[in-house]
Amino acid sequence: MVTGAASGVGWSIGRRLADDGFAVVLVDINPDVQDREAELVERGATVSSVVADLIDRESIPSVAAGILRRHGQCDVLVNNAGTHFKTPEGQRFRFDEVGLREWDLSIALHMTAPMLLCQAFLPGMKERGWGRVVNIASRAARTYIQQSSAFYTASKSGLIGLTRAVAGEFAAYGVTCNSVAPGRIRTPLTDISSAEVKRFSLNELPVGRVGEPDEVAAAVSFLASDQAGFITGAVIDVNGGGFMAP
Ligand SMILES: NC(=O)c1ccc[n+]([C@@H]2O[C@H](COP(=O)([O-])OP(=O)(O)OC[C@H]3O[C@@H](n4cnc5c(N)ncnc54)[C@H](O)[C@@H]3O)[C@@H](O)[C@H]2O)c1
C-alpha cells in the first residue's frame, strides 16, 4: 500500500513496487489515483486504488479494513502522503505566523495517519513474520531548513520518531520500519516554489540538481526487499549530498 500515490514521489513508488512484482494498492485524496491504477493495469500489474482523505482519522480504520478484505494482507506499507501548507502567497509560514489549523493538519497527515495504518497492518505482518514499513520523511526533519514551516519540520520529525518506535517493537518479528528523507525532489509539490527558493536549493546541493521521484522510489524498493531485512529504525537520506554542503 502506497499513500499519496496519485502524483510525484508516491506515484513513482507505486510504479516501482509494481515493477518489483508486488500487488499494489494506491491511496490518495486525489481521484486521479484511479487513472494511475489504470496505467499500471495496462502494464500488467495487479493494482487497485482507493480515494481517501488521510487527514480524516475516523475513516482510516475502514480504509485499511477494506484493503484487507480485498487483498487479504498488507506486507509493505509506504506512508508517503504529505504536503507543505503554504501561505496564500505561496511562501512558508514564519514561526509567528503558524496557526493551529496547519499545525493540526500536518500532524494528522504526517503522524496520525501513518500511526493508524501501522496499527491496522502490523499485527498481520507480525503474525506472518515478514513486513516492511517505509515512512517518507524529509530533509527538513534531519537538519534546519530555512524554507520549511515549523509544522512541516515538527510533523516530519515526529514521523521519524514513530519509525523508531515501530522498528523497535517489531524488530524481533521480521518486520522492519525505516524512513526515507528526501531532499529537494522534482514533483508538483516543489514546482510551486518560488524561483528564489529553487535557486537556493540548487546552489546548496553538491550534485547541482534536484532529485527525481524515481531516485526516492529506488531507495524504497530496496527497503521493501528481502535484502534489507537487517536495516530497521534507520533514516536513508536521498538528498544529493545535501549534508556535505559547505
Ligand atoms: N518533493 C520534495 O522535494 C520532497 C522533499 C522531502 C519530502 N517530501 C515528501 O514526499 C512525499 C511526497 O511528496 P511529493 O513531492 O511527491 O508531493 P505531491 O504533492 O506531488 O504528492 C503528494 C500526494 O499526497 C496526496 N495527499 C495530500 N494530502 C492527502 C490526504 N489528506 N489524503 C490522501 N492523500 C493526500 C496528494 O494528493 C498527492 O498526490 C510527501 O510526504 C512530502 O512531504 C517531498
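Bear in mind the structure is a predicted one, so any value in this text is a computation, not a measurement.

Trainee: Just to check I follow, could you spell out the packing of aromatic side chains for this structure?
Mentor: Between two aromatic rings, the relevant description is the distance of the centres plus the angle of the planes. Scanning the model with the defined rule gives 2 aromatic pairs in all. On the basis of an interplanar angle of 70° and a centroid distance of 5.4 Å, the ring pair of Phe93 and Phe151 is categorised as edge-to-face. A residue pair is termed long-range when its members are at least 10 positions apart, and Phe93 in the loop between strand 4 (76-79) and helix 4 (100-128) and Phe151 in helix 5 (residues 150-170) qualify at 58 residues. One aromatic cluster is present, built from ring pairs that chain together Phe85, Phe93 and Phe151. Between Arg36 and the ring centre of Trp11, over which it is positioned, the NZ or CZ distance is 5.5 Å. Over the aromatic face of Tyr173 sits the side chain of Lys126, whose NZ or CZ is 4.5 Å from the ring centroid.

Trainee: Explanation requested: the site of the ligand in the structure shown.
Mentor: The environment of the ligand is made up of 29 residues, and the closest members are Ser7, Asp28, Asn80, Tyr152 and Thr187. One of the side-chain N or O atoms of Ser7 is found 2.5 Å from an oxygen atom in the ligand. Here Asp53 contributes a side-chain N or O atom positioned 2.8 Å from a nitrogen atom of the ligand. Taken by itself the ligand offers 820 Å² of open surface, and the protein chains cover 91% of this. With 3 residues, the top contributor of residues to the shell around the ligand is helix 6 (residues 188-191). Partitioned by chemical class, the residues of the shell around the ligand number 15 nonpolar, 10 polar and 4 charged.

Trainee: Looking at this model, I keep getting lost on the side chain of Arg15. Mind explaining?
Mentor: When you line up the elements, Arg15 lands in helix 1 (residues 8-19). Taking the relative accessible area as the measure of exposure, Arg15 reaches 18% and is therefore buried. Dropping the residues within four chain positions of it, Arg15 is found in contact with Leu40, Arg43 and Asp214.

Trainee: What am I meant to see in the pairing of strand 3 (residues 47-51) here?
Mentor: Two faces, one strand: in a regular strand the side chains alternate between the faces of the sheet. Where strand 2 (residues 24-28) and strand 3 come together, 5 bridges link them in parallel fashion. Bridge pairing links Val24 to Val47 in strand 3. Crossover strand 2 to strand 3 through helix 2 (residues 33-42) is right-handed.

Trainee: Sorry, what's going on with the environment of His84 here?
Mentor: Looking at where His84 falls in the secondary structure, it is placed in the loop between strand 4 and helix 4. A polar atom in the side chain of His84 sits 3.1 Å from the side chain of Ser149.

Trainee: Help me understand the environment of Val33, please; the structure alone is not making it clear to me.
Mentor: Among the structural elements, Val33 can be located in helix 2. Along the sequence, Val33 and Val51 sit 18 residues apart, while their C-alpha atoms lie 7.1 Å from each other. Apart from the residues within four sequence positions on either side, Val33 is in contact with Ala5, Ala6, Leu26, Val27, Asp28, Ser49, Val50 and Val51.

Trainee: Explain the nonpolar core here, please?
Mentor: Generally speaking, soluble globular proteins have nonpolar side chains that are buried together. Judged by nonpolar contacts, the single largest core of 28 residues is most densely connected at Met1, Leu77, Phe121, Leu122 and Met125. Of all the elements in the fold, those that place two or more residues in this core are strand 2, helix 3 (60-71), helix 4, helix 5 and strand 6 (175-182). Excluding its chain neighbours within four sequence positions, the residues that come into contact with Phe121 are Met1, Ala64, Ile67, Leu68, Cys74 and Leu77. Judged by nonpolar contacts, the second largest core, of 27 residues, contains Leu40, Val78, Val134 and Ala224.

Cut-offs and rules
- Residues numbered from 1 in each chain as written.
- Predicted model: local features only at pLDDT ≥ 70, side-chain atom pairs only at ≥ 80, totals over all residues.
- Heavy atoms only, no water.
- Phe/Tyr/Trp six-rings, centres within 6.5 Å; stacked < 30°, edge-to-face > 60°.
- Helix = DSSP H or I, 4+ residues; strand = E, 2+ residues; numbered from the N terminus.
- Lys NZ or Arg CZ within 6 Å of the ring centre and 35° of its normal.
- Near = heavy atom within 4 Å.
- Polar contact = N/O pair within 3.5 Å; in protein donor to acceptor, adjacent residues only side chain to side chain.
- Areas by Shrake-Rupley, 256 points an atom, 1.4 Å probe, with all protein chains shown as cover.
- Nonpolar A, V, L, I, M, F, W, Y, C, P; charged D, E, K, R; others polar.
- Buried < 20%, exposed > 50% of the residue type's maximum accessible area, 1.4 Å probe, protein only.
- Contact = heavy atoms within 4.5 Å.
- Pairing = 2+ DSSP bridges.
- Right-handed = clockwise from strand over helix to strand, strands pointing away.
- Core = buried A, V, L, I, M, F, W, Y, C linked by side-chain atoms within 4.5 Å.

Shape is all these values report; function is a separate question.
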